Structure formats: structure tokens, C-alpha cells
Amino acid sequence: MTATPPTSTANPSSRKTFTIGTRKSKLALSQTDLVQGALQTIWPDYTFNIHSQETAGDQNTTIALREFTTKNLWTQELEELLIAGKVDFIVHSLKDVPTLLPDSCTLGPTLKREDSRDVLVMKKGLPNMSLADMPAGSVVGTSSIRRTAQLARRYPHLKIMDVRGNIGTRLAKLDAEDGPFTCIILAAAGLLRLDLHDRISQYLDSKNGGMLYAVGQGALGIEIRKDDQTLHEMLKQIGDMDATYACWAERSLLRTLEGGCSAPLGVETEWVQLPDGSRKLRMRSIVVSVDGKEDAEVEVDGTVDSAESAEEFGVLVANELVAKGAGKILDDIQRNKQASA
């Protein structure tokens, strides 16, 4: 595979070494390896070093995610390094990236998206079963307000308990003999990237289990400085634009609703060929109250073939959700959070 060498307006001949910022978790490092490998394949003479460090979200694993008031739990420390020029770009799980970035930063194209669905993981020793078939009072572990709300909506017979930590930590908590959990819900992508596919008991989506996933789930967010034209061009050559446009549309939806990473917003996007021969991005989306008693749900098709049309489509879907009552649900959640602060 060959590619035109990138150019840099500052010093086009000397820039052949890049530093990638990432978190220290096993999954974060595995995901960074994917990006490093894709770049190294095209530019074998370049050097791509990795700098890893913990973020605020890594350091505090006891507070439930929904209790945090900041939205950049997983990104701030790394973004400070990026802005200071100490790293050249950052690899995130896109679902962890706030929809509003620092003014000097932007997202480049993403790689091909891993499976974006949520999955059910049963405690070792228990038989596989669906959420619907679990006995009343079975304990489902999740740290996500989105999952909590959708579970309360569809499976009120289940008990939901918060579980924090990286994938290995959560699996250990699930499997502990004296642990309370019957099962936990995780993103498929993390398990697949860590070769833990054997732990997946059931894939969850709109047709199977009735669960929509998080904005950007399964995709890698590659954050760069806006003025770094060299990396803009390099990422274009390893990016998957179907995945990129779908994710940008999802992020536009979330940004328009102003819910941030803690909003109980689920999405599901797919590219579909319509009978008239046109190709559209189909987005299903739902906003659910935390107790599961109120919801707003839509399914919309749109033409998405650029950053601008992705942004516009996300706004369109957001407006459709608001018309169905999503605004009231999100306002109520915000008022309750402020009252309990």
C-alpha cells in the first residue's frame, strides 16, 4: 500500500516522528496500536511513539459516572498535552469524547468501526439467558445512565446496580463468588478488541433486546490540533468515511440536544440502499427518562456525504426527538441533578 508523503507547512522534510497520546488501560493501548499500525503500514519510515497516562476518570473509580458534573473525565489531561504540543494526536474511544472540544482541537477521520452494539455478559457458572428471561430481581451491572434508563423501560423486573472500572475489573466483579451481579452490560467493541468474544452471551440492538448504543460507540476518536494539516492528510488516508460520517452525525445529534456524555440517549445508525437506488444513513434514536417511564423515539433517513451534511442530519434528528418530547425528559434530568448537587 502506497501513499503520498504528507507535507508540513512548517518544515516538510523533517517531520517524520509523531507522538500518540492515550490512556493507560489495556483497551486504550490496544486501540492505539490499531491506529499506530495503520499509519506505520503506509509510512514505514516514520516513527510513531506512544505516550500513555491516566485521566481523572481512571483515577476515581468509585463515584457513579452519572454523578460527575464534568464531561471530559477521560480526555482533559491528554488534551492539555495535545494543545501544548507534547503529543501530536490522541486516540480515544469516541463514545468517551465530549461533543464540544477545545477551540484549537478537532477530530480527524476514524478507522473502520468495530461492532457498535452493547452486549450481555453472564456471570461465570450461570446459564446463558436473555434479559427478558431473567428472574425478577436479577442484578444487572452497568455504569451508564443510557443503559440504566433503557433497562428500566423494557425490563422493570430487573435490579440495576452501578459497576465501575476497566473491562478486566468489571468482569472480575461480575464473576466474584460473593458478588451481587447476575450479568453486566458492556460495549461489544471493547471485548472484541481484547479477544474476549467468548464472554459475550447476547448482542443487544433494536431488534434483539431493544437496546440502542452510545453515540460513537465502537469507533475510535482521533483528536488532533486544527492547524495540523500534516495529520489531517495522513488520517484521511487511513480513515473510513462511512464510519466517520455516521459518527459525526451521531455526535451532532448529541451536541444539539446538549445532553453531553451523561444523557440517556441511545442511537443506532446504518447505511441503507433504498428502493429508488439512493443510499441513505438511517438513524434510530431514543431518549428515556432515568426511571424508564417516559421516552421519545424516532427513525429518520438522510443523505449524508460530507461533514456539513452529517452535522445537518444530526440536528434534524435532534429536532424530531424534541418534537416527540425529548426536551422535557432532558430538562427534568438536569433539574433533578441540580437539586441533588
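Quantities reported herein were computed from a predicted structural model and do not represent experimental measurements.

With respect to the overall build of the protein
Here is step 1 of the chain: Tallying secondary structure elements over the protein gives ten helices and 13 strands in all.
Here is step 2 of the chain: Here the protein holds 341 residues, and the buried ones make up 52% of them.
Here is step 3 of the chain: Restricting to contacts in the protein with at least 6 residues of sequence separation, those with at least 24 account for 70%.
Here is step 4 of the chain: As displayed, the protein offers around 15500 Å² of accessible surface, 48% of which is attributable to carbon and sulfur atoms.

Structural notes on helix α1 (residues 26–42)
Here is step 1 of the chain: Over its 17 residues, α1 runs 25 Å from end to end, which matches the ideal 24 Å to within 8%, given 1.5 Å per residue.
Here is step 2 of the chain: Turning to α1, its buried residues are Leu27, Ala28, Ser30, Gln31, Thr32, Val35, Gln36, Leu39 and Ile42.

Side note on helix α8 (residues 241–257)
Here is step 1 of the chain: With 17 residues, α8 ought to run about 24 Å at 1.5 Å a step, and its terminal C-alpha atoms sit 24 Å apart, in line with that.
Here is step 2 of the chain: Burial runs high along α8: twelve of the 17 residues are buried.
Here is step 3 of the chain: Buried within α8 are the following residues: Ala243, Thr244, Tyr245, Ala246, Cys247, Ala249, Glu250, Arg251, Ser252, Leu253, Leu254 and Leu257.
Here is step 4 of the chain: Of the residues flanking the start of α8, the one acting as N-cap is Asp240, its side-chain oxygen 3.1 Å from the backbone nitrogen of Asp242.

With respect to the sheet that holds strand β6 (residues 139–141)
Here is step 1 of the chain: If you walk across this open sheet you meet the five strands as β7-β6-β8-β5-β9, and the pairing is mixed. With partners counted over all chains shown, the strands left at the sheet margins are β7 (159–161) and β9 (202–204), one partner each. The sheet shows a mean angle of 30 degrees between the axes of neighbouring strands, taken without regard to direction.
Here is step 2 of the chain: Contacting β5 (118–122), β6, β7 and β8 (183–187), helix α4 (residues 145–154) runs over the sheet at an angle of about 130 degrees to β8.
Here is step 3 of the chain: Contacts between helix α5 (residues 167–175) and the sheet are confined to β5 and β8, with β8 contributing the most and set at about 165 degrees to the helix.

With respect to the nonpolar core
Here is step 1 of the chain: Counting residues in hydrophobic clusters, the biggest one holds 27 residues, and the most contacted among them are Leu253, Leu257, Leu265, Val287, Phe313, Val317 and Leu321.
Here is step 2 of the chain: Not counting residues up to four positions away in its chain, the partners in contact with Val317 are Leu253, Met283, Ser285, Val298 and Val300.
Here is step 3 of the chain: Leu39, Leu111, Ile224 and Leu235 belong to the second largest nonpolar core, which has 18 residues in total.

Remarks on the sheet that holds strand β10 (residues 220–225)
Here is step 1 of the chain: If you trace the five strands from one edge of the open sheet to the other, you get β2-β1-β3-β10-β4, paired in mixed fashion. At either end of the open sheet lies a strand with only one pairing partner, and these are β2 (47–52) and β4 (105–107). Neighbouring strand axes in the sheet, compared pairwise and without regard to direction, differ in orientation by 30 degrees on average.
Here is step 2 of the chain: Two elements, β4 and β10, share three bridges in a ladder whose sense is antiparallel. Paired with Cys105 across the two strands is Arg225, which belongs to β10.
Here is step 3 of the chain: Seen against the sheet, helix α7 (residues 229–238) touches β1 (17–22), β2, β3 (89–93), β4 and β10 and runs at an angle of roughly 155 degrees to β10.

Concerning the packing of aromatic side chains
Here is step 1 of the chain: Evaluation of the coordinates by the stated rule reveals five aromatic pairs.
Here is step 2 of the chain: Ring centres of Tyr46 and Phe48 lie 6.5 Å apart, and the angle between their planes is 35 degrees; this geometry places the pair in the tilted category.
Here is step 3 of the chain: Judged by relative accessible area, Phe48 falls into the buried class, the value being 4%.

Quick word on the pairing of strand β12 (residues 279–288)
Here is step 1 of the chain: Burial within β12 is extensive, with eight of its ten residues counted as buried.
Here is step 2 of the chain: The pairing of strand β11 (residues 265–273) with β12 spans nine bridges and is antiparallel. Within β12, the residue paired with Leu265 across the bridge is Val287.
Here is step 3 of the chain: Where β12 lies against strand β13 (residues 295–302), eight bridges are found, and the strand directions are antiparallel. Counted as the bridge partner of Met283 is Val300 from β13.

Quick look at the pattern of salt bridges
Here is step 1 of the chain: Tallying each qualifying case throughout the model produces 24 salt bridges.
Here is step 2 of the chain: Across the salt bridge formed by Arg23 and Asp96, the nearest N and O atoms sit 3.7 Å from each other. Of the two residues, Arg23 sits in the loop between β1 and α1 while Asp96 sits in the loop between β3 and β4, which places them 73 residues apart along the sequence.
Here is step 3 of the chain: Residue classification places Arg23 among the buried positions, given a relative accessible area of 16%.
Here is step 4 of the chain: With relative accessibility at 13%, the residue Asp96 sits in the buried group.
Here is step 5 of the chain: A salt bridge links Arg282 to Asp301, with the nearest nitrogen and oxygen atoms 2.8 Å apart. Here Arg282, found in strand β12, pairs with Asp301, found in strand β13; they are 19 residues apart in sequence, far enough to count as distant.
Here is step 6 of the chain: For Asp301, a relative accessible area of 31% corresponds to the partly exposed category.
Here is step 7 of the chain: Each member of the salt-bridge network shares a partner with another, and the members are Glu268, Glu270, Arg282, Arg284, Glu299 and Asp301.

Definitions and limits used
- Residues numbered from 1 in each chain as written.
- Predicted model: local features only at pLDDT ≥ 70, side-chain atom pairs only at ≥ 80, totals over all residues.
- Heavy atoms only, no water.
- Helix = DSSP H or I, 4+ residues; strand = E, 2+ residues; numbered from the N terminus.
- Buried < 20%, exposed > 50% of the residue type's maximum accessible area, 1.4 Å probe, protein only.
- Contact = heavy atoms within 4.5 Å.
- Areas by Shrake-Rupley, 256 points an atom, 1.4 Å probe, with all protein chains shown as cover.
- Expected span 1.5 Å × (residues − 1).
- Polar contact = N/O pair within 3.5 Å; in protein donor to acceptor, adjacent residues only side chain to side chain.
- Pairing = 2+ DSSP bridges.
- Axes fitted to C-alpha atoms, helices over the stretch in contact; angles between N-to-C directions.
- Core = buried A, V, L, I, M, F, W, Y, C linked by side-chain atoms within 4.5 Å.
- Phe/Tyr/Trp six-rings, centres within 6.5 Å; stacked < 30°, edge-to-face > 60°.
- Salt bridge = Lys/Arg side-chain N within 4 Å of Asp/Glu carboxyl O.

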